[in-house]
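# Structure at a glance
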Amino acid sequence: MQTRKKYIFLTFLASWLLLFFFGGDQLRRFALFPGRKGEARRNWPRWIDRSLLKSFADPKELQSDGDPSLPSPRERQAARLSVYKNSRCRMETCFDFSRCEKHGFKVFTYPRERDEPLSESYGKILTSIERSRYYTPDPEEACLFILSIDTLDRDHLSGQYVRNVDEKIRRFPLWNGGRNHLIFNLYSGTWPNYTEDLGFDIGQAILAKASFYTENFRPGFDVSIPLFSKDHPQRGGERGWLYQDSIPPKKKYLLVFKGKRYLTGIGSGTRNALHHIHNGKDIISLTTCKHGKDWEKHKDTRCDKDNVDYEKFDYQELLHNSTFCIVPRGRRLGSFRFLEALQAACIPVLLSDGWELPFAEAINWGKAAVVGNERLLLQIPSIVRCIPPERVLAFQQQTQFLWDAYFSSVDKIVHTTLEIIKDRLFPHRSRFLWNTLPGGLLVLPEFSTHPGDFPFYYLQHGSSPSEKFTALIQAVSPVGSPSQPILRLIQAVSASQYCAQILVLWSCEKPPPPSGRWPQTTVPLTIIQGSGKLSDRFFPYAAIQTDAVLSLDEDSSLSTSEVDFAFVVWRSFPERIVGFPERSHFWDPEQRRWGYTSKWTNELSIVLTAAAFYHRYYHSLFTQYLPAGLRELVDGLAACEDILMNVLVAAVTKLPPIKVTQRKQHKESVSQQVKGTAGVAGGRRFSQRQDCLNQLVDWFGYMPLVSSQLRLDPVLFKDQVSVLRKKYPRLEKP
């Protein structure tokens, strides 16, 4: 018994000794050691030995809870709830799909009130919508509603801050708690925390916002947009800076930054640390404290030197001559330099933790930008040095594509926002289509959602367009004698081995002749009754089933060999217009406007659709992509529709048309040189074409046409060899 008690005592004693030696720190937390509790906290971290390990932070910094100007998690949550009371909104729960079923995706903008302040940027947004194909003046047809109240700047210290927004929107009978509404915002919150407080309840509205925090972003519902300045162009916009002579991609500087340095407050941490990576050689990182009214009160020991170094470099020169550009957060997550870097083909290196990147729902930013971490700034130089040259060039090319497709104008930013929302409602485009030329805005899901149906992706998918074409002949004159040009044209075209069918678009006031009056053909001949509009020839008729369309005027004169050769050429260039009669444009410095000429020169930029091949998708693009006002302009001007088609294709492809060999030179139906009435009519027609070209340039915001000196002839064309060795010998006969 005594032995058993002895063993129990020794076991109990050993347990206490083990607990004391290995769990002493935990015991001190109990009330048994109240005096040491505060001491342990005051001396933390006790492991730092300054004689052995140099600290880059003061112990007081380590013990503090961070920058007092930064909002705490509780403050961020409170601000978030004040704005996003419907934080769980999704398209399925906060959007009425039934409004979009009858009339499709139509957008209504509230009427502008006379005394309501409107910023220049918001005016551009409203104009973009009202000029677009989405706009409807009838709210009963609308699928989406846009407020006329300017909500872009919600910083209450700003002069453009609109007050009492809550009261104003409640008076709108269409508001309906924000359902089916889209609200645009560029600036939210104010000094010092810059929270995302908009100052009013957005209800169930979709928010298109710049500098979007990921934690506040509602995926599949909200849209993150880029921050753009008031000077951003309405339409068109400047092209990117990457040119053919920019190869190899390596430039003078590897990595650059030039911008403000915030001495205190939110956003100061990242910018204050940027000087650590500056080496004065291939990495240039320049900051200045000299901004704001009271910067001198807060300046530190680095400010004076930084301000001097800052003035030694030109910002535009750095953009032009750098491979990578640092895009750090400012007071808010986004900044203007993001778009500046994209345009300059300076690969953005993003240092803005928690930023929902613009249009990330559609755009794959991993192909165009380097997304860094603010806390790992010192690793950025090593990261960008490890990117191989071929990858750098791919990044640069993608920045140019994204800039031109989605960001170069307010129109494109607004239309991209609307198309992303539209993709949630109807058959949508894949991310491949959004991230590949020509871009999501120019690939209509109404036409198809399969890349192989468009003229841009045959090479990437290893496929080819169909081996047949449909001839579409526009007839504006009654058919009388059998020798009329349209009848001879039908016979020549139908004899082509590649012709699948012939469609005659009857645009004459008199009814078409009976079937017995038309020539006998080996392919189907169909008469389509037109409405009399010039734009009818580019309507997407269901009868057109082939990829290729041969557009012809009734007085065109072509042989079967010419048609065959032109079609073979088009199959190699299915995204372009390939045809016979060419024209060109030029800038007239005296008139300060664009000129149009039919003179025989070494350059061409237009191939008239009087005799030309193109892909049938351009019919859908012409009818469904272009706004109704632009088609009405064309219908009101004679001989303008073919110029618009050339402008449209050039705007999409950034490529010129292709001219092929023709036996006879095409002439205008009414010559300008002819005297008398015909000469006056011809001069009027030519003047209308020139006016048309300038009005189209105004609509697009720039000149899309691209000049070329290329003409394609058959092999051995006009060579002194036997005719038996030539594939198209009849092309050389007069």
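Residues numbered from 1 in each chain as written. Predicted model: local features only at pLDDT ≥ 70, side-chain atom pairs only at ≥ 80, totals over all residues. Heavy atoms only, no water.

Helix and strand content of the protein: 24 helices and 23 strands. Put simply, the protein has 734 residues, and 51% of those count as buried. A separation threshold of at least 6 residues defines the contact pool for the protein, and within that pool the share at least 24 residues apart is 74%. Counting every atom, the protein has about 37200 Å² of accessible surface; 53% of that belongs to carbon and sulfur. (Helix = DSSP H or I, 4+ residues; strand = E, 2+ residues; numbered from the N terminus. Buried < 20%, exposed > 50% of the residue type's maximum accessible area, 1.4 Å probe, protein only. Contact = heavy atoms within 4.5 Å. Areas by Shrake-Rupley, 256 points an atom, 1.4 Å probe, with all protein chains shown as cover.)

A cluster of nonpolar side chains, contributed by Phe-9, Leu-10 and Leu-13, occupies part of the molecular surface with about 300 Å² of accessible area. Relative to the helices and strands, Leu-10 resides in helix H1 (residues 2–22). (Patch = residues over 30% accessible without salt bridge, like charges linked within 9 Å, V, L, I, M, F, W, Y side chains within 5 Å. Salt bridge = Lys/Arg side-chain N within 4 Å of Asp/Glu carboxyl O.)

The predicted coordinates ought not to be read in detail in places where the model reports low pLDDT. Overall, the prediction assigns the protein a mean pLDDT of 86, with 85% of residues at 70 or greater. Low confidence marks residues 25–69, where pLDDT is under 50. Its contacts with residues over four positions away, or in another chain, come to 18 contacts. Low pLDDT, under 50, characterises residues 670–678; the stretch is placed with 11 contacts to residues that sit more than four places away or in other chains. (pLDDT = per-residue confidence, 0-100.)

Attention shifts here to the nonpolar core. Grouped together as the largest cluster of nonpolar side chains are 90 residues, with contacts concentrated most on Phe-184, Trp-365 and Phe-407. Setting aside chain neighbours within four positions, we find Phe-184 in contact with Tyr-122, Ile-125, Ile-146, Thr-151, Leu-152, Ala-208, Ile-225, Val-414 and Thr-417. One finds Leu-444, Phe-686, Val-697 and Met-703 within the second-largest nonpolar core, a separate group that totals 51 residues. (Core = buried A, V, L, I, M, F, W, Y, C linked by side-chain atoms within 4.5 Å.)

A word on the environment of Val-162. Turning to its location among the elements, Val-162 is positioned in the loop between strand S3 (153–154) and helix H8 (165–170). The exposure class of Val-162 is buried, given its relative accessible area of 3%. Along the chain, Val-162 and Thr-151 lie 11 residues apart, while their C-alpha atoms are 7.2 Å from each other. Excluding anything up to four places from it in sequence, Val-162 contacts Glu-116, Pro-117, Ile-149, Asp-150, Arg-154 and Lys-168.

A full pass over the atoms with the stated rule returns 26 salt bridges. The partner of Glu-361 in a salt bridge is Arg-424, with the nearest N and O atoms 2.6 Å apart. Here Glu-361 is found in the loop between strand S11 (347–351) and strand S12 (370–371), whereas its partner Arg-424 is found in the loop between helix H16 (410–423) and helix H17 (431–434), with 63 residues between them in sequence. Assessed through its relative accessible area of 16%, Arg-424 is described here as buried. Put simply, Asp-713 and Arg-711 hold a salt bridge, and the shortest N to O gap is 2.8 Å.

With that out of the way, let us pick up the environment of Gly-123. One can find Gly-123 in helix H7 (residues 120–130). A residue is classified by how much of its surface remains accessible, and Gly-123, at 13% relative accessible area, is buried. Considered as a pair, Gly-123 and Gln-234 are 111 residues apart in the sequence and their alpha carbons are 9.7 Å apart. In contact with Gly-123, not counting residues within four places along its chain, are Arg-112 and Leu-118.

Bringing helix H11 (residues 303–310) into the picture now. If you check which residues of H11 are buried, you get Cys-303, Asp-306, Asn-307, Asp-309 and Tyr-310. For H11, the arc enclosing every buried residue in end-on projection is 165°, short of the 170-degree limit, so these residues lie on one face. Exposed and oriented more than 90 degrees from the buried face of H11 are Lys-305 and Val-308. Where H11 is buried, its residues contact strand S8 (253–260), strand S9 (283–288) and helix H10 (295–298). (Arc of directions from axis to C-beta.)

What follows is about H16. In this model, H16 (14 residues) spans 20 Å end to end at C-alpha, consistent with the 20 Å of a helix rising 1.5 Å per residue. The buried fraction of H16 amounts to 14 of the 14 residues, a majority that puts the element mostly inside the structure. (Expected span 1.5 Å × (residues − 1).)

The next thing to look at is the sheet that holds strand S7 (residues 223–224). Ordered in space as S1-S2-S4-S6-S7, the 5 strands form an open sheet in which the pairing is parallel. Two strands in the sheet have a free side with no partner beyond their single neighbour: strand S1 (107–109) and S7. Contacts between H7 and the sheet are confined to S1, strand S2 (144–146) and strand S4 (181–185), with S1 contributing the most and set at about 140° to the helix. (Pairing = 2+ DSSP bridges. Axes fitted to C-alpha atoms, helices over the stretch in contact; angles between N-to-C directions.)

Okay, the sheet that holds strand S19 (residues 593–597) next. Within the open sheet, the 3 strands sit side by side as S19-S18-S20. Their pairing is antiparallel. Edge positions in the sheet fall to S19 and strand S20 (606–607), since each of these pairs with one other strand and no more.

Counted by the stated rule, this structure contains 7 cavities of 30 Å³ or more. A volume near 80 Å³ is recorded for the second largest cavity. Around the second largest cavity, the lining residues are Val-256, Phe-257, Lys-258, Tyr-315, Leu-318, Leu-319, Cys-325, Ile-326, Val-327, Arg-337 and Ala-341. Those elements that provide at least two residues to the lining of the second largest cavity are S8, helix H12 (315–320), strand S10 (322–328) and helix H13 (337–343). Looking at side-chain class alone, the lining of the second largest cavity contains 9 nonpolar, no polar and 2 charged residues. (1 Å grid on protein atoms, 1.4 Å probe; cavity = no way out; pocket = protein on both sides within 12 Å on 5 of 7 lines; lining within 4 Å. Points joined across faces, edges and corners; volume = space filled by probe spheres on them. Nonpolar A, V, L, I, M, F, W, Y, C, P; charged D, E, K, R; others polar.)

For the structure shown, the criterion picks out 5 disulfides. Two residues share a disulfide in this structure: Cys-289 and Cys-303, whose sulfurs sit 2.2 Å from each other. Its S-S torsion of about -95° marks the bond between Cys-289 and Cys-303 as left-handed, since a negative value means left-handed. One end of the pair, Cys-289, is in the loop between S9 and H10; the other, Cys-303, is in helix H11, and 14 residues separate them in sequence. With a relative accessible area of 1%, Cys-289 lands in the buried category. At a sulfur-sulfur separation of 1.8 Å, the disulfide partner of Cys-640 is Cys-692. Judged by the torsion about the S-S bond (70°), the Cys-640/Cys-692 disulfide is right-handed. With Cys-640 in the loop between helix H22 (628–636) and helix H23 (641–653) and Cys-692 in helix H24 (residues 677–700), this residue pair connects regions lying 52 residues apart in the sequence. Numbered by order of appearance in the sequence, the disulfide-linked cysteines of the protein pair as 1-2, 3-4, 5-6, 7-8, 9-10. (Disulfide = S-S within 2.5 Å.)

Further remarks concern the pairing of S19. With 5 bridges joining them, strand S18 (residues 582–588) and S19 adopt antiparallel strand pairing. Among the inter-strand pairings, His-585 is bridged to a residue of S19, identified as Tyr-596. Counting the residues in the hairpin turn of S18 and S19 gives 4 residues, including Arg-592, whose phi is positive at 55°.

This paragraph deals with the packing of H7 against H16. Where H7 meets H16, the closest approach of the two axes is 9 Å, and the angle between their N-to-C directions is 65°. Handedness of the H7/H16 crossing: right-handed. Two secondary-structure elements touch here, H7 through Lys-124, Ile-125, Ser-128 and Ile-129 and H16 through Val-410, Asp-411, Val-414, His-415 and Leu-418. Of the residues belonging to the contact of H7 with H16, the class tally is 5 nonpolar, 2 polar and 2 charged. (Left-handed = near helix turned anticlockwise from the far one by under 90°.)

Residue position: Ser-119 is located in the loop between S1 and H7. Within the structure, Ser-119 has its side chain in polar contact with the backbone nitrogen of Tyr-122 (distance 3.2 Å). When near neighbours in sequence (up to four residues on either side) are disregarded, Ser-119 contacts Asp-150, Leu-152 and Gln-160. (Polar contact = N/O pair within 3.5 Å; in protein donor to acceptor, adjacent residues only side chain to side chain.)

The next thing to look at is unusual backbone geometry. In this model, Leu-437 is joined to Pro-438 through a cis peptide bond whose omega is 0°. Along the chain, the position of Pro-438 falls in the loop between H17 and helix H18 (458–461). One non-glycine residue with positive phi stands out, namely Ala-345, at about 60°. Within the secondary structure, Ala-345 sits in the loop between H13 and S11. Classification of Ala-345 by relative accessible area gives buried; the value is 0%. Of note in this structure, Phe-359 is not a glycine but carries a positive phi near 55°. Relative to the assigned elements, Phe-359 resides in the loop between S11 and S12.

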